[in-house]
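Single-letter residue listing:
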Amino acid sequence: MKRLSIAVVVGWSILSALSTAQADITFNISSTGNASADAGFQAAAAYIQSQFDDDITININAGFSDLGPGILGSAGSSRANYTYLDFRTAVAGDVVSNDDLTFSTSIPQGNAFNVYINGTTEFSGNAYNDFDGGSNNRTVRLTHANAKALGLRSANNTAQDVNINFSNQFTWDFDPTNGITGGAIDFVGVAIHEIMHGMGFVSGVDTLDANANGNINDNAFTFVSSLDFLRHSADSLNANADIDWTADNRAKFYSIDGGLTSGSTLGGGVNHWSRGVNNGDGRQASHWRDNLGLGIMDPTSQPAGSANVVTALDLQALDVIGWDPILLAAIPEPSSFFMLAIGLGIFSQRRRV
C-alpha cells in the first residue's frame, strides 16, 4: 500500500499548476537502462524546470550501480575555475530577485575575498583569516551547470555536466504522485537532490576536509564554490573574514547577506551546514546540517515510505548562486597532484529513530 504524503501532494500540485510556465532549462539525460527510473528522472527534471527559468542545457549521464552500504545516490559534477572578479561580475549581471540583489551587493566588491581557513601550513593548522590576496582568495570553482546559469560557460555546451548514479541495492518508488510505498525509497526526491548538486549545491570545504593535514599551503586550496559564500560562523565574522571555509566541528550558518543576518526568514538559527566527513560532523559539507529538516539537500534521505521535500531554503540557495526562479522572474582547473578528487555529492539512507 502506498503511504500518502501531504507534502508530496502539495509539491506535485504546484508542479502541475506550473506546467504551462516557460521552462527554458533543457535536460539531456542518458538512459539508466530502467524505464521506470528514466521516467522518474524526467519527473525530477520537470520539477527543476518548473522552478527555474535559465536558458541552458544540462547534460547528465545517469546509471545504476552498487554504491556501497547505505548510499542511495551520488553526483559527480564537472567543474572549472574562474576568477573571483568574473564570478562577482556574473552574479551582478544575473540579478532577477530581491534575494539575488542582497547577495550580489553583500559579497566583496573587489577582485578578492577573505577566507577563514584551517588545516594548512600557516599558523600550525589552526583557523585564521587568510587575506593575503593569494590564488585561493581570487578563485571560485563552479560546476559546469552553475557556470552556464551565470553566463560563464556556453549555455549549450555538449560536454557532460554531471554524472549521477543510483544504487541498485534498494527498493525504489518511481512515482510520488500517489504517495510513497511503504518500504520503498522516493526515487524522484533523490534524483532532485542529485541534480541540485550538479546545479552548484557543492562545497569546496570537502576538498579541504580531505587534505587538512597541516602540510599544504593555503594558496593551493582554490576550491571555493559559489555556495560557500553563504557559509559563515561567529568566529569568521569576528576575524573579519568573508566566509568560513574551515573543516572542523564548529557551527556554520547560512546567510545571503554576508553574515549580517544569521540564517534567514526561511531557516533561522546558526547551525545550517554540515561540516565535513573527516574533521567535522561526519557529513559532507555540501549539505544542510543533518536531521534539522532544512530541505531536500540534507545529507540523508527520508526513511523508506516517506517523501523527500524541497523547501524554500533549498530554492533560495540555488537562486542566489545564479539560477533564475520562475516565480520571481518579474521582480526588478586541474587539481594539484596532492589533492583528493572530491566530486561526489552522496545521498545516504536515513534510518528511523
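Located above this text is the structure these notes cover.
Thresholds applied
- Residues numbered from 1 in each chain as written.
- Predicted model: local features only at pLDDT ≥ 70, side-chain atom pairs only at ≥ 80, totals over all residues.
- Heavy atoms only, no water.
- Helix = DSSP H or I, 4+ residues; strand = E, 2+ residues; numbered from the N terminus.
- Buried < 20%, exposed > 50% of the residue type's maximum accessible area, 1.4 Å probe, protein only.
- Areas by Shrake-Rupley, 256 points an atom, 1.4 Å probe, with all protein chains shown as cover.
- Axes fitted to C-alpha atoms, helices over the stretch in contact; angles between N-to-C directions.
- Parallel < 35°, antiparallel > 145°, perpendicular 65-115°, else oblique.
- Left-handed = near helix turned anticlockwise from the far one by under 90°.
- Contact = heavy atoms within 4.5 Å.
- Nonpolar A, V, L, I, M, F, W, Y, C, P; charged D, E, K, R; others polar.
- 1 Å grid on protein atoms, 1.4 Å probe; cavity = no way out; pocket = protein on both sides within 12 Å on 5 of 7 lines; lining within 4 Å.
- Points joined across faces, edges and corners; volume = space filled by probe spheres on them.
- Expected span 1.5 Å × (residues − 1).
- Polar contact = N/O pair within 3.5 Å; in protein donor to acceptor, adjacent residues only side chain to side chain.
- Core = buried A, V, L, I, M, F, W, Y, C linked by side-chain atoms within 4.5 Å.

K.L.:
When you look at the overall build of the protein chain in this model, what are you seeing that I'm missing?
P.N.:
Helix and strand counts for the protein chain come out as 9 helices and 16 strands. Classification of the 353 residues of the protein chain by burial places 56% in the buried group. With the model as given, the accessible surface of the protein chain reaches about 13,600 Å², and the carbon-plus-sulfur share is 52%.

K.L.:
How do you make sense of the packing of helix H2 (residues 35–51) against helix H6 (residues 187–198) when you look at a structure like this?
P.N.:
Helices that pack against each other are described as a pair by the angle of their axes relative to one another and the distance between those axes. Where H2 contacts H6, the axes come no closer than 8 Å and their chain directions differ by 55°. Regarding the angle of H2 to H6, the classification is oblique. Crossing handedness for the pair H2 and H6: right-handed. Between H2, through Ala37, Gly40, Phe41, Ala43, Ala44, Ala45, Tyr47 and Ile48, and H6, the contact on the second element is made entirely by Phe187, Val188, Ala191, Ile192, Ile195 and Met196. The residue makeup of the contact of H2 with H6, split by class, is 13 nonpolar, 1 polar and no charged.

K.L.:
Would you explain empty space enclosed by the protein in this entry?
P.N.:
One water molecule sets the probe size; rolling that probe over the atoms shows where empty space is left. What the second largest cavity holds in volume is close to 30 Å³. Around the second largest cavity sit Val91, Asp94, Val95, Asp100, Leu150, Asp319, Val320, Ile321 and Gly322, which together line it. Looking at the lining of the second largest cavity residue by residue, the classes come out as 5 nonpolar, 1 polar and 3 charged.

K.L.:
Which parts of the structure should I look at to understand H6?
P.N.:
One turn of the α-helix equals 3.6 residues, which is why residues spaced by three or four share an orientation. Compared with the 16 Å implied by 1.5 Å per residue over 12 residues, the 17 Å span of H6 between its first and last C-alpha is a close match. Here H6 lies mainly inside the structure; 12 of its 12 residues are buried. Phe187, Val188, Gly189, Val190, Ala191, Ile192, His193, Glu194, Ile195, Met196, His197 and Gly198 are the residues of H6 that are buried. The opening residue of H6 is Asp186, an N-cap whose side-chain oxygen sits 3.4 Å from the backbone nitrogen of Val188. Downstream of H6 by a residue or two, Gly200 has a phi angle that is positive, lying close to 125°.

K.L.:
Whenever I open this one, the packing of helix H4 (residues 98–106) against helix H9 (residues 312–320) confuses me. Can you help?
P.N.:
Running from N to C, H4 and H9 point in directions that differ by 55°, and their axes come no closer than 9 Å. One way to sum up the angle between H4 and H9 is to call them oblique. Here H4 and H9 pass one another in a crossing that is right-handed. Judged by residue contacts, Asp99, Asp100 and Phe103 of H4 engage Gln316, Asp319 and Val320 from H9.

K.L.:
What exactly am I supposed to notice about the nonpolar core here?
P.N.:
One recurring pattern in soluble globular proteins is that nonpolar side chains are buried together. Among the nonpolar cores identified, the biggest contains 79 residues, and Ile48, Met196, Phe229, Leu230, Trp245 and Trp323 are the most heavily contacted of them. Beyond its immediate chain neighbours, meaning those up to four positions away, Trp323 contacts Ile25, Phe52, Asp54, Ile56, Ile58, Asp94, Ala145, Asn146, Ala149, Met199 and Leu318.

K.L.:
What is the right way to look at unusual backbone geometry in this model?
P.N.:
With glycine set apart, most residues show a phi of negative sign, and most peptide bonds adopt trans. Backbone geometry places Phe123, a non-glycine residue, at a positive phi of 55°. With relative accessibility at 57%, the residue Phe123 sits in the exposed group. Of note in this structure, Asn291 is not a glycine but carries a positive phi near 65°. Within the secondary structure, Asn291 is located in the loop between strand S15 (253–254) and H9. Among the residues examined, Asn291 registers a relative accessible area of 55% and is labelled exposed.

Any functional reading would require information that these geometric values do not contain.
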